[in-house]
Amino acid sequence: MSTPEQSSLGKPVAYADQYDPSLLFPISRTTGRVELELPGVLPFLGADLWTAFELSWLTPRGKPQVAIAHVTVPCETANIVESKSFKLYLNSFTNSRFASPDEIRDLLRKDINEAVWRGATMQASVGVRILMPEMFDREQVHELDGLNLDRLDIECTRYTPAPELLTAAFDEQPVQEVLTSNLLKSNCLVTGQPDWGSVQIRYSGPQIDQGALLRYLVSFRNHNEFHEQCIERIYMDIWRRCRPVKLMVYGRYTRRGGLDINPVRTSHPIALPANIRTARQ
C-alpha cells in the first residue's frame, strides 16, 4: 500500500512536460478511516471537489491552451490522490499535443479514476469539467452561507483536536442551523506546511453550543492530516458527540500549487455544492 512518505511531498522533483499518468500517486483512505473507527459501510456520503487552476497543453499545431478543471472525486473511492503528484501530473500535459479540450477531459477522468480506484472495484466515476477562457467570467467568488462563528469573543487554549469540547442542548427543542468559520487551519501530514480553510456545518437536531464548536474547530490548528481526513474527523466528532438528526460538513481549503481541495460529507443524499471559490481561494 502506498504511504504519504513514499510520495513526492517535501522532495525536490523534476517537472515532466510530456503527458505521464504514472505521476498520479494514490494514498489509501483506509488508514485515516481506521483511526476514526469507521465501519466498512461508510456512515456518510459526499465527495472531494478539486479545482485545478494550472492546466495547459498544446494544440496539434503547437499553440498553448489554458483551462480550469473542476474534478469531483466520490468519497467512496479507495484512495485519494496526493496533491503534489496531481500537480506534477497536470504539468505533464504542458508540452504534449491534444486534439481538443474533450480529449483532455476524457484523459483526466480515465487517469484519475484509475488512481482513486486502484486496488478496488470502481463503484462510481469521478466527474471532470473543463472550463476554457471564454467561460472564466462565469466563475464566481462567494463566501460560505451561514451564521459566522468567528464573531464570538472566546478564549482558545487547545490546538490539537479536542472533540470533548463539543456539546449540545439535548434536553431542548431541536433546531436547524447553518454555521460557518474561516478559522480552520491544519498542517500537511508529511511536510507540516499550513493548510488554511473555511468550513460550513449544516445540521438539524439538538442545538450545538456555538462557542464550544468554534473552540473545537480552532483545536485543529497544530494538527497534521490531509484535508479529506480533517473534514471526516470533524464530521464524525460532531455526529458522535452532538447527535444531530442530519449533518453536512463542507470544507474549502486555500489553493496550493494551483490546486484547491474542498471535501463535503453528509448524512443524507443532497445535491453537491457548486464548486464556487471563496475570496481566499
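The sections below set out a description of the structure shown in this document. (Residues numbered from 1 in each chain as written. Predicted model: local features only at pLDDT ≥ 70, side-chain atom pairs only at ≥ 80, totals over all residues. Heavy atoms only, no water.)

### What about the sheet that holds strand β12 (residues 259–266)?
- Taking strand neighbours across the sheet as the criterion, the eight strands line up as β5-β3-β2-β12-β11-β9-β8-β6 in an open arrangement whose pairing is mixed. Of all strands in the sheet, those bounded by a partner on one side alone are β5 (127–131) and β6 (147–148).
- By the bridge criterion, three bridges tie strand β11 (residues 246–253) to β12 in an arrangement that is antiparallel. Each bridged residue has a counterpart across the sheet, and for Tyr-250 the counterpart in β12 is Val-264.
- Its contacts with the sheet place helix α3 (residues 101–116) against β2 (45–58), β3 (64–74) and β5, and it is angled at close to 150° to β5.
- Of the strands in this sheet, β2, β8 (175–187), β9 (194–205), β11 and β12 touch helix α5 (residues 227–242), which is tilted by about 155° from β11. (Pairing = 2+ DSSP bridges. Helix = DSSP H or I, 4+ residues; strand = E, 2+ residues; numbered from the N terminus. Contact = heavy atoms within 4.5 Å. Axes fitted to C-alpha atoms, helices over the stretch in contact; angles between N-to-C directions.)

### Considering the pairing of β9
- Across the twelve residues of β9, nine count as buried, placing the element largely inside the fold.
- As judged from the eleven bridges shared by β8 and β9, these two strands associate in the antiparallel manner. Residue pairing for β9: Ser-186 is matched across the bridge by Asp-195.
- Where β8 folds back on β9, the antiparallel hairpin that results is connected by six residues, among which Gly-192 adopts a positive phi of roughly 80°.
- The pairing of β9 with β11 spans eight bridges and is classified as antiparallel. Bridged to Gln-200 within β11 is Tyr-250. (Buried < 20%, exposed > 50% of the residue type's maximum accessible area, 1.4 Å probe, protein only.)

### Concerning the packing of aromatic side chains
- Summed over all chains, the structure comprises nine aromatic pairs.
- Considering the side-chain rings of Phe-44 and Tyr-235, the 5.5 Å spacing of their centres and the 75° angle between planes classify their relative orientation as edge-to-face. Placement of Phe-44 in the loop between α1 (30–35) and β2 and of Tyr-235 in helix α5 is noted, with a sequence separation of 191 residues between them. In this structure, Phe-44 and Tyr-235 share a single accessibility class: buried.
- Arranged with centres 5.5 Å apart and planes meeting at 40°, the rings of Phe-93 and Phe-98 form a pair that is tilted.
- Residue Phe-98 is classed as buried on the basis of its relative accessible area of 7%.
- A network of ring pairs unites the aromatic residues Tyr-19, Trp-50, Phe-86, Tyr-89, Phe-93 and Phe-98 as a single cluster.
- Lying over the aromatic face of Phe-170, Arg-243 brings its terminal NZ or CZ to 3.9 Å of the ring centre. (Phe/Tyr/Trp six-rings, centres within 6.5 Å; stacked < 30°, edge-to-face > 60°. Lys NZ or Arg CZ within 6 Å of the ring centre and 35° of its normal.)

As far as function goes, none of this settles anything; it's purely spatial.
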